[in-house]
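Observations on chain architecture
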Amino acid sequence: MTNFSRILNTLTGMYSDDRNQFIDSFNKYSLLIIDDLGIERSSEFALEQVFNVIDSRYRSKKPLIVTTNLTLDELKHPKDLARARIYDRVLERCVPLKINNQNIRELNAAANIQAARKILSSGT
């Protein structure tokens, strides 16, 4: 499991052959989980690398799980051709599931605030 930010950070500064080897290395895993599709910068390089990762996995026909905060409508109707090529492959290989409408980070933050209040009010 990884995320697109980490993949892009690793690919930045690599030479073409090294990038291809790195991307191909994802296909050695029986299941690949990539978090946060859609958070990548809109640079030509970033979109090209995201496409390369998705396309490589797509061609391998191995299972892929992709998480995103994008809506199904945004995936089906992207704003440009570069994203359309990526999202079409994701939608063909993955079954869209909407987990819930809750922001887990907000829930965790609220729990952390409650815990901090309890500690501060107890005087310890």
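Thresholds applied
- Residues numbered from 1 in each chain as written.
- Predicted model: local features only at pLDDT ≥ 70, side-chain atom pairs only at ≥ 80, totals over all residues.
- Heavy atoms only, no water.
- Salt bridge = Lys/Arg side-chain N within 4 Å of Asp/Glu carboxyl O.
- Helix = DSSP H or I, 4+ residues; strand = E, 2+ residues; numbered from the N terminus.
- Buried < 20%, exposed > 50% of the residue type's maximum accessible area, 1.4 Å probe, protein only.

This part covers the pattern of salt bridges. For the structure shown, the criterion picks out three salt bridges. A salt bridge links Arg59 to Asp55, with the nearest nitrogen and oxygen atoms 2.8 Å apart. With Arg59 and Asp55 both in helix α3 (residues 44-60), this residue pair falls four residues apart, about one helical turn. The exposed category is assigned to Arg59, whose relative accessible area is 56%. Notably, a salt bridge pairs Arg89 with Asp55, separated by 2.8 Å at the nearest N-O pair. With Arg89 in helix α5 (residues 81-93) and Asp55 in helix α3, this residue pair connects regions lying 34 residues apart in the sequence. According to the relative accessible area criterion, Asp55 is buried, its value standing at 12%. Within this structure, Asp55, Arg59 and Arg89 form a network of salt bridges that share partners.

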